[in-house]
Amino acid sequence: MSPSEIIQHANNLLQQNKLQQAKKIILSLIQTAPEHHQAWQVLAQVHRQLKEQEQYQQANKQYEMIAWFNQRLDKANQHLLNKELKPAENIAHELLKLVANEYRVLVLLSKIAFQANDLKTYLAITSHNININSTKSAAYDVHIEALFNTKQYLELISFYNRSTKLVTLLPQSQSLLAAAYVKMMDFKNASLNYQSLLNKNYYPAYCNLRLGNIEKIIGNNQSAIAYYCKTIKLAPHIGEAYWNLANLKTYTFTQLNIANLEQQITIDSNKLNRAQLHFALAKAYEQQSRYEDAFLQLRISNDLQKSLTPYITNDFNERCKKYLTKKVANTVHSSTENEAQLIFIVSLPRSGSTLIEQILASHSHVDASYELSEINSIAVELENLQIKSNVPYKLNSLTQDHLAKLAKRYLKFIEPFRNNKPYFIDKQPVNFQHIALIKTLFPNAKIIDVQRDKKATAWSLYKHSFSQGHSYSYDQEDLAHYMNEYYKLMTHWHTVYPDEIYTVNYESLINNFTETVDDLFEHCDLVVEQACYEFYNNQRPVLTPSSEQVRKPIYKEALTDWKKYANHLTPLLNRLN
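Figured I'd write up the structure that's included with this text. (Residues numbered from 1 in each chain as written. Predicted model: local features only at pLDDT ≥ 70, side-chain atom pairs only at ≥ 80, totals over all residues. Heavy atoms only, no water.)

### Some details on the overall build of the protein
Link 1 in the chain: For the protein, the helix and strand inventory stands at 29 helices and 5 strands.
Link 2 in the chain: Oriented by its inertia axes, the alpha-carbon framework of the protein measures out at about 95 × 65 × 45 Å.
Link 3 in the chain: Scored against the burial criterion, the 577 residues of the protein give a buried share of 52%.
Link 4 in the chain: Restricting the contact set of the protein to residue pairs at least 6 apart, pairs at least 24 apart contribute 68%.
Link 5 in the chain: Counting 61 positive and 55 negative side-chain charges, the protein places the averaged centre of each group 5 Å from the other. (Helix = DSSP H or I, 4+ residues; strand = E, 2+ residues; numbered from the N terminus. Buried < 20%, exposed > 50% of the residue type's maximum accessible area, 1.4 Å probe, protein only. Contact = heavy atoms within 4.5 Å. Lys, Arg positive; Asp, Glu negative; His and termini not counted. Charge placed at Lys NZ, Arg CZ, Asp CG, Glu CD.)

See the structure below:
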């Protein structure tokens, strides 16, 4: 039983005048969890009815003190919820002076550190909490959450398995374990843990949704559809399930699906969920050739998404063009040697980069994983250094030793994703901003830039619901601005690194496949293999929205889809340079 259930049970015994039984149960709880003031209140009432006056006074005093303590802790947590970090921190330190290392207060402090983006302190506090409060399962649960939030997935898996021998963990921690297995591309163990959570009846709709995502990643589309449909049956309001079905090219919405979607958008109050419902309904209408109705749904969904994640510009690209010159590129770089030949694929999203990755990854000498965020994490960390410099990443201030450590950090990060093949692909579209950082850390890295027809790319972005980021894609003018910035920056990088960035044109790949593939492999210093021409037979997991397309031969149908909606795209098309 949980502490609240034990307290309720003891209180029921008290009401039935079974005082000794109530006393025994509540004392047992207090011995292991004295922080529950309601338990002390029940104990005080038991002592009072037993006419144990001295014990009653002691218990009542404990009740009053702990109730006050918990009230202050609740106040601090409310401050945290309101993102009022300083008042929350002040109360936490006040309470720790009264009860040193109280585990719930340490949990609060760790969450404050996370909200403040102080990840080092965040992890340090959760680790300290476990060491000091080794019997408190909540300390373990919070540390598992911290490991997930700081992307230490291998350590999370190891720590979870050690912890289950010491304490009883929450199902939420097992869900993070399953998600960590997905991040490490261990889909078998991820599925086993989601199935285990299903057996525990832990959010069954969402477990089915995650199982559907795994089946899609590994190419089992019919199984994915079955899981998504089960999700909808269990919870008809979950927009992500409808959107995931919409994102499968092989699924056609039924009239019942459409009726459910039309009903849900009228009653759902959650903006993000409602946006996904509208995106899915747009696809359903498009399948019926109801293009006017489809675009109306897209406009609504994009407006909802924009209200949640407005596009905020900054001067980073301009600083790159101003300060990261050919002179800087030739003078600042790491001398770290790496075993694998690194290939970084950059692009605008929805431009065909997953297809290029699939073709390259079909070669027997090439490893690939998923869209890694480590280069961006390094970039953010360097940008936040307390050094006065307008140069991106403070490159002009970094020592050779610092650069070498960053290069080694990246190589260590990719170790779990490698099978010791001589080539490794890091495909992450947003890395187009960080080509200077990549070439600084790894001067011999190969950069492949995938470009697609601007109008087709823009349309594909505008009609897509991203799981996170890409706030520019939910407004036509913002989208045009972002795309124009991409092309300007790529032009600059070609000037800084002439002959070091290879551009693949998506339309050339579609219309002149063999020659384009041959040229690509020649640039990578690889001899093309037959499997690369038959990339669609490669059964490797694919975690991007294009997972279904790259498992099929080349097709041309999507090249001109945007023309069906051209009359609605004037703000976008007019602003594309």
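On we go from here.
### Brief notes about helix α16 (residues 271–287)
Link 1 in the chain: For α16, with 17 residues, the first-to-last C-alpha span of 24 Å sits near the 24 Å given by 1.5 Å per residue.
Link 2 in the chain: Among the 17 residues that make up α16, 14 are buried, leaving the element largely enclosed by the rest of the structure.
Link 3 in the chain: Of the residues that open α16, the one with a side-chain oxygen 3.1 Å from the backbone nitrogen of L272 is N270.
Link 4 in the chain: Following α16 by one or two positions, S289 has its phi on the positive side, about 65°. (Expected span 1.5 Å × (residues − 1). Polar contact = N/O pair within 3.5 Å; in protein donor to acceptor, adjacent residues only side chain to side chain.)

### Here we look at the packing of helix α7 (residues 119–132) against helix α8 (residues 137–149)
Link 1 in the chain: Two elements in contact, α7 and α8, have axes separated by 9 Å at closest approach and are oriented at 155°. Looking at the two axes, α7 sits roughly antiparallel to α8. Handedness of the α7/α8 crossing: left-handed. In this structure, α7 uses Y122, L123, T126, S127, N129 and I130 to contact α8, whose residues at the interface are A139, Y140, V142, H143, E145, A146, L147 and N149.
Link 2 in the chain: Residues that form the contact of α7 with α8 fall into these classes: 8 nonpolar, 5 polar and 1 charged. (Axes fitted to C-alpha atoms, helices over the stretch in contact; angles between N-to-C directions. Parallel < 35°, antiparallel > 145°, perpendicular 65-115°, else oblique. Left-handed = near helix turned anticlockwise from the far one by under 90°. Nonpolar A, V, L, I, M, F, W, Y, C, P; charged D, E, K, R; others polar.)

### A closer look at the packing of aromatic side chains
Link 1 in the chain: By the definition in use, this model includes 27 aromatic pairs.
Link 2 in the chain: Ring centres of Y311 and Y472 lie 6.3 Å apart, and the angle between their planes is 75°; this geometry places the pair in the edge-to-face category. Here Y311 is found in the loop between α17 (291–308) and α18 (316–323), whereas its partner Y472 is found in the loop between α24 (454–462) and α25 (476–496), with 161 residues between them in sequence.
Link 3 in the chain: Members of the aromatic cluster, connected to one another through ring pairs, are Y311, F432, Y472, Y482, Y486 and Y487.
Link 4 in the chain: Just above the ring of Y487 sits the side chain of K454; from NZ or CZ to the centre is 4.5 Å. (Phe/Tyr/Trp six-rings, centres within 6.5 Å; stacked < 30°, edge-to-face > 60°. Lys NZ or Arg CZ within 6 Å of the ring centre and 35° of its normal.)

### Some words on the environment of L106
Link 1 in the chain: Turning to its location among the elements, L106 is positioned in helix α6 (residues 103–115).
Link 2 in the chain: A residue is classified by how much of its surface remains accessible, and L106, at 6% relative accessible area, is buried.
Link 3 in the chain: Distance in space between the C-alpha atoms of L106 and T126 is 7.4 Å, their sequence separation being 20 residues.
Link 4 in the chain: Among residues more than four places away in sequence, those in contact with L106 are L96, N101, I125, H128, N129 and N133.

### Notes on the pattern of salt bridges
Link 1 in the chain: Enumeration according to the criterion identifies 21 salt bridges in this entry.
Link 2 in the chain: When the shortest N-O distance is used, the salt bridge between R290 and D293 registers 3.1 Å.
Link 3 in the chain: The salt bridge partner of D315 is R319, with a shortest N-O separation of 3.4 Å.
Link 4 in the chain: Looking at D315, the relative accessible area reads 44%, which means it is partly exposed.
Link 5 in the chain: With relative accessibility at 14%, the residue R319 sits in the buried group. (Salt bridge = Lys/Arg side-chain N within 4 Å of Asp/Glu carboxyl O.)

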